[in-house]
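Letter by letter, the chains look like this.
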Amino acid sequence: MNRTTLSLIAGVTALAAVTGFAALAAPDASGSDAPTGAAARLPVERTSLVCPAPSVSDLAETAYTAFTPVTEGAAGSGGKAGLRAAPDEPGGAGGGKDAEVPEVKQEAPGTPVTGTTSGADVPALVGTAEGRLAPGWTVQQTTEVAAGTGRGLLGVACAEADTDFWFPGASTASDRTDYVHLTNPDDSAAVVDIELYGKDGALKSTVGEGITVQPHTSEPILLSTLGDTGQNDLTVHVNVRSGRVGAAVQALDDRLGGDWLAPSTAPAGTLVLPGIPKDAAAVRLVLFTPGDVDADLTLRLASRSGMITPAGHETVHVKAGMTTTVELGDVTRGEAGSLVLTPTGRSVPVVAAVRVVRGKDSKQETAFIPATAPVGERATSVDNRAEGTTLSLSAPERSAKVRITASAGSEGGSAVSETVTVKAGTTQDVEAPVPGGLKGTYALTVEPLSGGPVYAARLLTATEDDTPGFTIQTLPDDRGMVAVPVAEENLTILQK
(Lines give C-alpha, C1' and ligand atoms only; values in the text may rest on other atoms or scores of the structure.)
Protein backbone atom coordinates (compact mmCIF):
# COMPACT_ATOMS: atom_id res chain seq x y z
CA MET A 1 0.00 0.00 0.00
CA ASN A 2 1.36 3.36 -1.00
CA ARG A 3 0.44 6.28 1.19
CA THR A 4 0.40 9.74 -0.33
CA THR A 5 -0.20 12.61 2.07
CA LEU A 6 -1.60 15.81 0.65
CA SER A 7 -1.64 18.97 2.72
CA LEU A 8 -4.58 21.13 1.74
CA ILE A 9 -4.62 24.74 2.86
CA ALA A 10 -7.89 26.08 1.58
CA GLY A 11 -8.85 29.73 1.61
CA VAL A 12 -12.41 30.52 0.78
CA THR A 13 -12.02 32.62 -2.34
CA ALA A 14 -15.42 34.23 -2.29
CA LEU A 15 -18.30 34.56 0.11
CA ALA A 16 -21.70 35.16 -1.40
CA ALA A 17 -24.26 36.85 0.80
CA VAL A 18 -27.51 38.72 0.44
CA THR A 19 -25.79 42.06 0.82
CA GLY A 20 -22.44 41.43 -0.82
CA PHE A 21 -19.34 39.32 -0.96
CA ALA A 22 -15.70 39.48 0.00
CA ALA A 23 -12.68 37.96 -1.71
CA LEU A 24 -9.84 36.34 0.18
CA ALA A 25 -6.52 35.05 -1.07
CA ALA A 26 -5.17 31.74 0.21
CA PRO A 27 -3.34 32.07 3.55
CA ASP A 28 0.40 32.30 3.76
CA ALA A 29 1.82 28.74 3.61
CA SER A 30 4.81 29.79 5.73
CA GLY A 31 2.71 29.42 8.85
CA SER A 32 0.67 31.61 11.14
CA ASP A 33 -0.46 31.77 14.73
CA ALA A 34 -4.10 32.05 13.63
CA PRO A 35 -6.17 29.07 14.78
CA THR A 36 -7.43 26.54 12.27
CA GLY A 37 -10.82 27.59 10.87
CA ALA A 38 -10.46 31.20 12.08
CA ALA A 39 -12.56 33.75 10.21
CA ALA A 40 -11.03 36.85 8.67
CA ARG A 41 -13.01 40.11 8.65
CA LEU A 42 -12.81 41.67 5.21
CA PRO A 43 -14.60 44.53 3.43
CA VAL A 44 -17.45 43.41 1.18
CA GLU A 45 -16.89 43.93 -2.54
CA ARG A 46 -20.49 44.25 -3.70
CA THR A 47 -23.64 45.58 -2.04
CA SER A 48 -27.19 45.73 -3.43
CA LEU A 49 -30.08 47.75 -1.99
CA VAL A 50 -33.76 48.27 -2.84
CA CYS A 51 -35.74 51.50 -2.38
CA PRO A 52 -39.58 51.27 -2.55
CA ALA A 53 -41.68 53.61 -4.67
CA PRO A 54 -41.83 56.69 -2.41
CA SER A 55 -45.39 58.04 -2.60
CA VAL A 56 -48.82 58.03 -4.21
CA SER A 57 -49.17 61.81 -3.70
CA ASP A 58 -48.69 64.41 -6.42
CA LEU A 59 -47.43 66.71 -3.63
CA ALA A 60 -44.52 64.45 -2.71
CA GLU A 61 -40.95 65.71 -2.83
CA THR A 62 -38.38 62.92 -2.40
CA ALA A 63 -34.65 63.11 -1.72
CA TYR A 64 -32.28 60.18 -2.16
CA THR A 65 -28.92 60.27 -0.40
CA ALA A 66 -26.17 57.69 -0.85
CA PHE A 67 -22.94 57.37 1.10
CA THR A 68 -20.00 55.02 1.54
CA PRO A 69 -17.77 55.43 4.61
CA VAL A 70 -14.03 55.28 4.16
CA THR A 71 -13.11 51.68 5.00
CA GLU A 72 -9.56 50.54 5.63
CA GLY A 73 -8.61 47.68 3.32
CA ALA A 74 -11.43 48.27 0.84
CA ALA A 75 -10.66 46.89 -2.60
CA GLY A 76 -8.50 49.01 -4.88
CA SER A 77 -9.04 52.53 -6.15
CA GLY A 78 -11.91 51.71 -8.49
CA GLY A 79 -15.54 50.93 -7.92
CA LYS A 80 -18.93 52.31 -8.81
CA ALA A 81 -22.27 52.84 -7.12
CA GLY A 82 -25.64 54.13 -8.24
CA LEU A 83 -29.42 53.78 -8.32
CA ARG A 84 -31.70 52.93 -11.23
CA ALA A 85 -35.40 52.28 -11.78
CA ALA A 86 -36.47 48.81 -10.65
CA PRO A 87 -37.40 47.66 -14.16
CA ASP A 88 -34.75 47.90 -16.86
CA GLU A 89 -36.87 50.10 -19.08
CA PRO A 90 -37.05 53.87 -18.40
CA GLY A 91 -39.74 55.04 -16.03
CA GLY A 92 -39.95 52.02 -13.79
CA ALA A 93 -42.81 49.95 -12.46
CA GLY A 94 -46.07 51.83 -12.35
CA GLY A 95 -44.40 55.07 -13.34
CA GLY A 96 -44.76 55.12 -17.09
CA LYS A 97 -42.12 56.17 -19.56
CA ASP A 98 -42.07 59.76 -18.34
CA ALA A 99 -41.60 59.00 -14.65
CA GLU A 100 -38.81 60.94 -12.99
CA VAL A 101 -35.78 58.93 -11.86
CA PRO A 102 -33.04 60.61 -9.81
CA GLU A 103 -29.42 60.62 -10.90
CA VAL A 104 -27.54 59.28 -7.86
CA LYS A 105 -24.07 58.03 -8.74
CA GLN A 106 -21.22 57.82 -6.27
CA GLU A 107 -17.61 58.15 -7.34
CA ALA A 108 -15.63 58.13 -4.09
CA PRO A 109 -16.11 57.18 -0.43
CA GLY A 110 -16.43 59.80 2.28
CA THR A 111 -18.85 62.27 0.66
CA PRO A 112 -22.64 61.84 0.27
CA VAL A 113 -24.33 62.25 -3.10
CA THR A 114 -27.95 63.28 -3.51
CA GLY A 115 -30.77 63.27 -6.05
CA THR A 116 -34.35 64.51 -5.91
CA THR A 117 -37.68 63.65 -7.52
CA SER A 118 -41.26 64.88 -7.21
CA GLY A 119 -44.80 63.63 -7.70
CA ALA A 120 -46.55 60.27 -7.53
CA ASP A 121 -44.96 58.53 -10.52
CA VAL A 122 -41.51 57.85 -9.10
CA PRO A 123 -40.71 54.12 -9.39
CA ALA A 124 -39.02 51.81 -6.96
CA LEU A 125 -35.23 51.92 -7.31
CA VAL A 126 -32.51 49.32 -7.03
CA GLY A 127 -28.87 50.16 -6.42
CA THR A 128 -25.54 48.42 -6.52
CA ALA A 129 -22.15 49.43 -5.15
CA GLU A 130 -18.94 47.65 -6.08
CA GLY A 131 -15.28 47.75 -5.15
CA ARG A 132 -14.22 50.38 -2.64
CA LEU A 133 -17.73 51.90 -2.71
CA ALA A 134 -19.40 48.69 -1.45
CA PRO A 135 -18.41 48.47 2.26
CA GLY A 136 -21.13 50.16 4.28
CA TRP A 137 -22.90 51.69 1.27
CA THR A 138 -26.07 53.27 2.67
CA VAL A 139 -29.01 54.92 0.89
CA GLN A 140 -31.79 56.93 2.53
CA GLN A 141 -35.11 57.82 0.88
CA THR A 142 -36.81 60.84 2.51
CA THR A 143 -40.16 62.16 1.29
CA GLU A 144 -42.07 65.29 2.31
CA VAL A 145 -45.81 65.30 1.58
CA ALA A 146 -47.43 68.70 2.12
CA ALA A 147 -51.06 67.62 2.58
CA GLY A 148 -53.54 64.78 2.39
CA THR A 149 -53.50 61.23 3.74
CA GLY A 150 -50.01 60.39 4.94
CA ARG A 151 -48.85 64.00 4.92
CA GLY A 152 -45.61 64.76 6.75
CA LEU A 153 -42.07 63.43 6.63
CA LEU A 154 -41.61 59.81 5.51
CA GLY A 155 -38.22 58.13 5.63
CA VAL A 156 -36.81 54.69 4.98
CA ALA A 157 -33.32 53.27 4.69
CA CYS A 158 -33.11 51.34 1.44
CA ALA A 159 -32.47 47.71 2.35
CA GLU A 160 -31.14 44.48 0.94
CA ALA A 161 -33.48 41.97 -0.67
CA ASP A 162 -34.28 38.96 1.50
CA THR A 163 -36.73 36.09 1.94
CA ASP A 164 -38.44 36.67 5.31
CA PHE A 165 -39.86 39.85 6.87
CA TRP A 166 -41.98 40.67 9.95
CA PHE A 167 -43.92 43.95 10.28
CA PRO A 168 -45.73 44.37 13.63
CA GLY A 169 -47.68 47.64 13.68
CA ALA A 170 -49.46 47.62 10.32
CA SER A 171 -53.20 48.29 10.08
CA THR A 172 -56.31 47.79 7.95
CA ALA A 173 -58.45 50.21 9.99
CA SER A 174 -60.68 52.67 8.11
CA ASP A 175 -58.40 55.64 8.87
CA ARG A 176 -55.27 53.85 7.62
CA THR A 177 -54.12 53.03 4.11
CA ASP A 178 -51.24 50.59 4.40
CA TYR A 179 -49.33 49.06 1.51
CA VAL A 180 -46.64 46.41 1.62
CA HIS A 181 -44.19 47.19 -1.18
CA LEU A 182 -42.49 44.19 -2.78
CA THR A 183 -39.59 44.87 -5.14
CA ASN A 184 -37.79 42.14 -7.07
CA PRO A 185 -34.28 43.22 -8.13
CA ASP A 186 -33.37 39.91 -9.80
CA ASP A 187 -33.64 38.32 -13.25
CA SER A 188 -36.18 35.65 -12.24
CA ALA A 189 -39.66 35.95 -10.76
CA ALA A 190 -40.22 35.80 -7.00
CA VAL A 191 -43.23 34.08 -5.40
CA VAL A 192 -44.41 35.62 -2.13
CA ASP A 193 -46.94 34.78 0.59
CA ILE A 194 -48.33 37.57 2.80
CA GLU A 195 -49.88 36.53 6.12
CA LEU A 196 -51.79 38.86 8.45
CA TYR A 197 -52.16 38.28 12.20
CA GLY A 198 -54.54 40.26 14.39
CA LYS A 199 -55.54 40.21 18.03
CA ASP A 200 -57.39 36.91 17.55
CA GLY A 201 -54.84 35.19 15.35
CA ALA A 202 -54.38 34.70 11.63
CA LEU A 203 -56.78 36.48 9.27
CA LYS A 204 -58.33 33.93 6.93
CA SER A 205 -57.56 34.81 3.34
CA THR A 206 -56.09 33.14 0.27
CA VAL A 207 -55.55 36.41 -1.62
CA GLY A 208 -52.08 36.84 -0.14
CA GLU A 209 -50.86 33.40 -1.22
CA GLY A 210 -48.56 32.88 -4.18
CA ILE A 211 -48.15 36.51 -5.25
CA THR A 212 -45.80 36.63 -8.23
CA VAL A 213 -43.42 39.58 -8.45
CA GLN A 214 -41.95 39.65 -11.93
CA PRO A 215 -38.21 40.29 -12.48
CA HIS A 216 -37.14 43.91 -12.03
CA THR A 217 -40.61 45.09 -10.97
CA SER A 218 -42.28 46.40 -7.83
CA GLU A 219 -45.76 45.54 -6.50
CA PRO A 220 -47.57 47.68 -3.87
CA ILE A 221 -50.12 45.44 -2.15
CA LEU A 222 -52.96 47.21 -0.30
CA LEU A 223 -53.28 45.32 2.98
CA SER A 224 -57.02 45.95 3.31
CA THR A 225 -57.57 43.82 0.19
CA LEU A 226 -56.05 40.78 1.92
CA GLY A 227 -58.64 40.51 4.73
CA ASP A 228 -62.35 41.25 5.14
CA THR A 229 -62.14 42.93 8.56
CA GLY A 230 -60.49 46.20 9.55
CA GLN A 231 -58.08 45.95 12.48
CA ASN A 232 -56.07 48.68 14.17
CA ASP A 233 -52.96 46.62 14.79
CA LEU A 234 -51.70 43.78 12.65
CA THR A 235 -48.52 41.83 12.20
CA VAL A 236 -47.59 41.26 8.57
CA HIS A 237 -45.40 38.31 7.63
CA VAL A 238 -43.84 38.36 4.17
CA ASN A 239 -42.48 34.94 3.28
CA VAL A 240 -40.74 34.43 -0.07
CA ARG A 241 -41.23 30.93 -1.48
CA SER A 242 -38.79 31.41 -4.34
CA GLY A 243 -36.42 34.21 -5.24
CA ARG A 244 -36.04 37.24 -3.00
CA VAL A 245 -37.57 40.71 -2.65
CA GLY A 246 -37.14 43.98 -0.86
CA ALA A 247 -40.09 44.67 1.44
CA ALA A 248 -41.35 47.65 3.44
CA VAL A 249 -44.77 48.79 4.70
CA GLN A 250 -46.00 52.30 3.91
CA ALA A 251 -48.47 53.36 6.62
CA LEU A 252 -50.65 56.34 5.68
CA ASP A 253 -53.03 57.81 8.26
CA ASP A 254 -55.87 60.25 7.53
CA ARG A 255 -55.23 62.22 10.73
CA LEU A 256 -51.73 61.35 11.98
CA GLY A 257 -49.70 61.61 8.79
CA GLY A 258 -47.60 58.70 7.61
CA ASP A 259 -44.26 56.98 7.53
CA TRP A 260 -42.53 53.76 6.55
CA LEU A 261 -42.58 50.73 8.81
CA ALA A 262 -39.30 48.86 8.35
CA PRO A 263 -39.13 45.16 9.26
CA SER A 264 -38.42 44.09 12.81
CA THR A 265 -35.21 42.24 13.45
CA ALA A 266 -35.54 38.45 13.31
CA PRO A 267 -37.68 36.89 16.08
CA ALA A 268 -35.69 36.82 19.33
CA GLY A 269 -36.21 36.43 23.06
CA THR A 270 -34.66 39.81 23.92
CA LEU A 271 -35.45 42.91 21.87
CA VAL A 272 -34.35 46.57 21.91
CA LEU A 273 -36.31 49.42 20.28
CA PRO A 274 -34.07 52.50 20.46
CA GLY A 275 -34.62 56.20 19.98
CA ILE A 276 -38.11 57.05 21.28
CA PRO A 277 -38.15 60.87 21.22
CA LYS A 278 -38.23 62.75 24.50
CA ASP A 279 -41.36 64.66 23.41
CA ALA A 280 -43.35 61.61 22.32
CA ALA A 281 -47.05 62.27 23.05
CA ALA A 282 -48.13 58.65 22.62
CA VAL A 283 -46.25 55.37 22.24
CA ARG A 284 -47.95 52.12 21.23
CA LEU A 285 -45.99 48.87 21.46
CA VAL A 286 -47.03 46.06 19.08
CA LEU A 287 -45.73 42.52 19.62
CA PHE A 288 -46.11 39.09 18.03
CA THR A 289 -44.65 35.66 18.64
CA PRO A 290 -44.69 33.39 15.58
CA GLY A 291 -44.33 30.13 17.47
CA ASP A 292 -46.91 28.03 19.31
CA VAL A 293 -45.78 29.05 22.81
CA ASP A 294 -46.87 32.21 24.64
CA ALA A 295 -44.19 34.75 25.57
CA ASP A 296 -43.88 36.61 28.87
CA LEU A 297 -41.63 39.64 28.80
CA THR A 298 -40.29 42.21 31.22
CA LEU A 299 -40.69 45.70 29.82
CA ARG A 300 -38.21 48.41 30.77
CA LEU A 301 -37.28 51.82 29.45
CA ALA A 302 -33.60 52.70 29.18
CA SER A 303 -33.78 56.43 29.90
CA ARG A 304 -31.16 59.13 30.28
CA SER A 305 -30.86 58.37 33.98
CA GLY A 306 -31.04 54.56 33.81
CA MET A 307 -33.46 51.65 33.54
CA ILE A 308 -37.02 52.32 34.70
CA THR A 309 -40.18 50.22 34.61
CA PRO A 310 -43.24 52.00 33.16
CA ALA A 311 -45.96 52.07 35.80
CA GLY A 312 -48.59 49.43 35.16
CA HIS A 313 -46.55 47.79 32.43
CA GLU A 314 -43.98 45.80 34.34
CA THR A 315 -44.60 42.71 32.19
CA VAL A 316 -46.45 41.89 29.00
CA HIS A 317 -48.00 38.58 27.97
CA VAL A 318 -47.95 37.76 24.24
CA LYS A 319 -50.24 34.97 23.13
CA ALA A 320 -48.83 32.65 20.49
CA GLY A 321 -49.93 33.59 16.98
CA MET A 322 -51.81 36.70 18.10
CA THR A 323 -50.84 40.37 17.85
CA THR A 324 -50.59 42.11 21.25
CA THR A 325 -50.64 45.88 21.80
CA VAL A 326 -49.59 47.90 24.82
CA GLU A 327 -50.52 51.60 25.12
CA LEU A 328 -47.60 53.30 26.86
CA GLY A 329 -48.78 56.91 26.53
CA ASP A 330 -46.08 59.56 27.06
CA VAL A 331 -43.74 56.96 28.51
CA THR A 332 -40.54 58.97 27.95
CA ARG A 333 -41.79 61.98 29.99
CA GLY A 334 -39.28 64.45 28.61
CA GLU A 335 -36.31 62.06 28.37
CA ALA A 336 -35.25 60.13 25.28
CA GLY A 337 -35.62 56.41 25.82
CA SER A 338 -35.33 52.92 24.38
CA LEU A 339 -37.61 49.99 25.17
CA VAL A 340 -35.85 46.85 26.34
CA LEU A 341 -37.83 43.59 26.31
CA THR A 342 -36.42 40.54 28.10
CA PRO A 343 -38.00 37.15 28.87
CA THR A 344 -39.30 36.64 32.41
CA GLY A 345 -38.50 32.93 32.18
CA ARG A 346 -38.35 30.76 29.12
CA SER A 347 -37.04 32.65 26.09
CA VAL A 348 -39.61 32.71 23.27
CA PRO A 349 -38.89 34.42 19.92
CA VAL A 350 -40.83 37.68 19.48
CA VAL A 351 -40.98 40.54 16.95
CA ALA A 352 -41.96 44.08 17.94
CA ALA A 353 -42.32 47.69 16.84
CA VAL A 354 -43.60 50.92 18.35
CA ARG A 355 -45.71 53.64 16.81
CA VAL A 356 -44.70 57.08 18.06
CA VAL A 357 -46.93 60.17 17.88
CA ARG A 358 -45.62 63.72 18.35
CA GLY A 359 -47.52 67.01 18.48
CA LYS A 360 -50.95 68.03 19.79
CA ASP A 361 -54.57 67.96 18.64
CA SER A 362 -54.77 68.27 14.84
CA LYS A 363 -51.05 69.03 14.58
CA GLN A 364 -49.79 65.50 15.08
CA GLU A 365 -47.46 63.25 13.12
CA THR A 366 -46.49 59.59 13.44
CA ALA A 367 -43.45 57.38 12.91
CA PHE A 368 -42.40 53.80 13.67
CA ILE A 369 -39.44 52.15 15.41
CA PRO A 370 -38.96 48.40 14.86
CA ALA A 371 -36.89 46.20 17.14
CA THR A 372 -33.38 46.27 15.73
CA ALA A 373 -30.01 44.59 15.88
CA PRO A 374 -27.10 46.35 17.63
CA VAL A 375 -24.70 48.60 15.75
CA GLY A 376 -22.08 45.86 15.55
CA GLU A 377 -18.83 47.08 13.99
CA ARG A 378 -20.23 50.25 12.43
CA ALA A 379 -23.58 51.82 11.51
CA THR A 380 -24.25 54.60 9.03
CA SER A 381 -27.00 57.22 8.84
CA VAL A 382 -27.41 59.52 5.82
CA ASP A 383 -29.47 62.59 4.91
CA ASN A 384 -28.57 64.36 8.15
CA ARG A 385 -29.02 68.11 8.27
CA ALA A 386 -27.57 70.97 10.26
CA GLU A 387 -30.98 71.44 11.89
CA GLY A 388 -33.39 68.72 12.86
CA THR A 389 -31.03 65.75 13.33
CA THR A 390 -30.88 63.86 16.65
CA LEU A 391 -28.73 60.77 17.21
CA SER A 392 -29.87 58.43 19.98
CA LEU A 393 -27.53 55.80 21.50
CA SER A 394 -28.44 53.11 24.01
CA ALA A 395 -26.24 50.70 25.99
CA PRO A 396 -28.72 48.42 27.79
CA GLU A 397 -26.16 45.98 29.21
CA ARG A 398 -22.80 47.65 29.85
CA SER A 399 -21.24 51.06 29.36
CA ALA A 400 -19.81 51.64 25.90
CA LYS A 401 -17.39 54.03 24.29
CA VAL A 402 -18.47 55.13 20.81
CA ARG A 403 -16.82 57.13 18.04
CA ILE A 404 -19.16 59.31 15.98
CA THR A 405 -17.95 60.71 12.66
CA ALA A 406 -19.70 63.37 10.61
CA SER A 407 -18.73 63.11 6.96
CA ALA A 408 -18.03 65.95 4.59
CA GLY A 409 -21.20 67.64 3.34
CA SER A 410 -22.77 66.71 0.02
CA GLU A 411 -21.99 70.20 -1.27
CA GLY A 412 -19.00 71.08 0.87
CA GLY A 413 -17.49 70.89 4.33
CA SER A 414 -14.91 68.84 6.21
CA ALA A 415 -15.36 65.66 8.27
CA VAL A 416 -15.12 65.74 12.09
CA SER A 417 -15.17 63.02 14.77
CA GLU A 418 -15.79 62.82 18.49
CA THR A 419 -15.92 60.08 21.11
CA VAL A 420 -18.73 59.68 23.65
CA THR A 421 -19.44 57.27 26.50
CA VAL A 422 -22.91 55.83 27.00
CA LYS A 423 -23.49 54.60 30.55
CA ALA A 424 -24.90 51.14 31.20
CA GLY A 425 -28.69 50.96 31.11
CA THR A 426 -29.15 54.41 29.58
CA THR A 427 -30.19 56.08 26.37
CA GLN A 428 -28.47 59.31 25.39
CA ASP A 429 -29.59 61.86 22.83
CA VAL A 430 -26.18 62.84 21.50
CA GLU A 431 -25.47 66.26 20.09
CA ALA A 432 -24.01 64.82 16.91
CA PRO A 433 -21.00 66.53 15.38
CA VAL A 434 -21.63 68.68 12.31
CA PRO A 435 -19.05 68.95 9.51
CA GLY A 436 -16.99 72.11 9.45
CA GLY A 437 -18.31 74.54 6.85
CA LEU A 438 -21.26 72.24 6.08
CA LYS A 439 -23.10 72.68 2.81
CA GLY A 440 -25.89 70.26 1.93
CA THR A 441 -26.50 67.08 3.94
CA TYR A 442 -24.03 64.78 5.64
CA ALA A 443 -23.60 61.22 6.92
CA LEU A 444 -22.99 59.98 10.45
CA THR A 445 -21.08 56.80 11.23
CA VAL A 446 -21.26 55.19 14.66
CA GLU A 447 -18.43 52.85 15.71
CA PRO A 448 -18.37 51.17 19.14
CA LEU A 449 -14.82 51.15 20.48
CA SER A 450 -15.25 49.24 23.74
CA GLY A 451 -17.84 48.00 26.21
CA GLY A 452 -21.21 46.38 25.67
CA PRO A 453 -23.52 46.34 22.65
CA VAL A 454 -24.83 49.67 21.39
CA TYR A 455 -28.21 50.32 19.77
CA ALA A 456 -28.79 53.47 17.74
CA ALA A 457 -31.49 55.46 15.96
CA ARG A 458 -31.63 58.74 14.08
CA LEU A 459 -34.52 61.20 14.43
CA LEU A 460 -35.03 63.62 11.54
CA THR A 461 -37.53 66.47 11.96
CA ALA A 462 -39.02 69.05 9.62
CA THR A 463 -41.89 71.17 10.97
CA GLU A 464 -44.48 72.30 8.41
CA ASP A 465 -47.33 74.67 9.41
CA ASP A 466 -46.71 73.91 13.11
CA THR A 467 -47.08 70.14 12.46
CA PRO A 468 -44.00 68.31 13.75
CA GLY A 469 -43.08 66.17 10.76
CA PHE A 470 -40.54 63.52 11.71
CA THR A 471 -39.14 60.12 10.81
CA ILE A 472 -36.94 57.66 12.72
CA GLN A 473 -34.49 55.13 11.32
CA THR A 474 -32.73 52.51 13.42
CA LEU A 475 -29.02 51.95 12.76
CA PRO A 476 -27.99 48.29 12.70
CA ASP A 477 -24.60 47.25 11.34
CA ASP A 478 -24.01 48.74 7.88
CA ARG A 479 -22.77 45.44 6.43
CA GLY A 480 -19.38 46.85 5.58
CA MET A 481 -17.42 43.83 6.74
CA VAL A 482 -18.03 40.12 6.36
CA ALA A 483 -16.50 37.09 8.05
CA VAL A 484 -14.65 34.83 5.64
CA PRO A 485 -13.58 31.49 7.16
CA VAL A 486 -10.09 30.21 6.50
CA ALA A 487 -9.91 26.42 6.55
CA GLU A 488 -6.71 24.42 6.98
CA GLU A 489 -7.00 20.68 6.72
CA ASN A 490 -4.68 17.70 6.15
CA LEU A 491 -6.12 14.96 3.97
CA THR A 492 -4.61 11.47 3.80
CA ILE A 493 -5.38 9.54 0.64
CA LEU A 494 -4.85 5.82 0.69
CA GLN A 495 -3.91 4.10 -2.55
CA LYS A 496 -3.52 0.39 -3.14
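Residues numbered from 1 in each chain as written. Predicted model: local features only at pLDDT ≥ 70, side-chain atom pairs only at ≥ 80, totals over all residues. Heavy atoms only, no water.

Regarding the sheet that holds strand β5 (residues 46-51)
Keep this limit in mind: Any two strands with at least two DSSP-identified bridges between them are counted as paired. To qualify as a helix, a DSSP run of H or I must reach at least 4 residues; to qualify as a strand, a run of E must reach at least 2; elements of each kind are numbered from the N terminus.
Spatial ordering of the open sheet is given by β5-β10-β7-β8, a layout of 4 strands whose pairing is antiparallel. The open sheet terminates on both sides in strands that have one partner only, identified here as β5 and β8 (105-106). Taken together, the 6 bridges between β5 and strand β10 (residues 125-130) define a ladder with antiparallel strand orientation. Within β10, the position partnered with S48 by the bridge is T128.

A short note on the side chain of S48
For clarity, the cut-off: Counted as a polar contact is a pair of N or O atoms within 3.5 Å, where, for protein atoms, one must be capable of donating a hydrogen and the other of accepting one, and residues adjacent in sequence contribute only when both atoms are in side chains.
Within the secondary structure, S48 sits in strand β5. Within polar-contact distance, the side chain of S48 engages the side chain of R46 at 3.2 Å.

A word on the confidence of the model for the protein
Counted only if it meets this: Every residue carries a pLDDT, the predictor's confidence in it, which falls somewhere between 0 and 100. Note on definitions: a residue-residue contact is assigned when non-hydrogen atoms from the two residues lie within 4.5 Å.
Averaged over all residues, the pLDDT of the protein equals 88, while 87% of them reach at least 70. Note on residues 488-496: pLDDT is under 50 here. Beyond four places in sequence and across chains, it has 22 contacts.

Side note on the environment of S417
Put simply, the rule reads: Burial here depends on accessible area, computed with a 1.4 Å probe over protein chains only, as a share of the maximum for the residue type. Under 20% is buried, over 50% is exposed, and the range in between is partly exposed.
Following the sequence through the fold, S417 ends up in strand β35 (residues 416-422). Here S417 falls in the partly exposed class, since its relative accessible area comes to 48%. Spatially, the C-alpha atom of S417 lies 9.9 Å from that of V446, the residues being 29 residues apart in sequence. With residues up to four places along the chain from it excluded, the contact list for S417 reads I404 and T405.

A closer look at the nonpolar core
Note the threshold: Nonpolar cores are built from buried Ala, Val, Leu, Ile, Met, Phe, Trp, Tyr and Cys residues. Side-chain atoms within 4.5 Å join them into one set.
Within the largest apolar cluster, 30 residues are counted, with the highest numbers of intra-cluster contacts made by L273, L285, L287, L328, L339, L341 and V354. Per-element accounting of this core gives the leading share, 4 residues, to strand β24 (residues 295-302). Setting aside residues no more than four positions away along its own chain, L285 makes contact with L273, L299, T324, T325, V326, L328, L339, L341, A352, A353 and V354. Counting residues in hydrophobic clusters, the runner-up holds 26 residues, among them L182, A190, I194 and I221.

Description of the state of the cysteines
Threshold: Cysteine sulfurs are considered disulfide-paired once they come within 2.5 Å of each other.
One pass over the full model with this rule turns up 1 disulfide. Between the sulfur atoms of C51 and its disulfide partner C158 the distance amounts to 2.1 Å. Note on the C51 and C158 pair: the S-S dihedral is about 110°, so by sign convention the disulfide is right-handed. Remark: C158 occurs in the loop between β12 (152-157) and β13 (164-170) and C51 occurs in strand β5; sequence separation between them is 107 residues. Like C158, C51 is buried.

Topic: the sheet that holds strand β33 (residues 400-406)
The criterion, for reference: For helices, the fitted axis covers only the stretch in contact; all axes are lines through C-alpha atoms, and the angles between them, taken along N-to-C directions, range from 0 to 180 degrees.
A sheet is described by the order of its strands in space; here 4 strands give the open sequence β31-β38-β33-β35, paired in antiparallel fashion. The outermost strands of the open sheet, each flanked by one partner alone, are β31 (379-384) and β35. Averaged over all adjacent pairs, the angle separating strand axes in this sheet is 25°, with direction ignored. With 7 bridges joining them, β33 and strand β38 (residues 442-451) adopt antiparallel strand pairing. Directly across from A400, in β38, lies its bridge partner G451.

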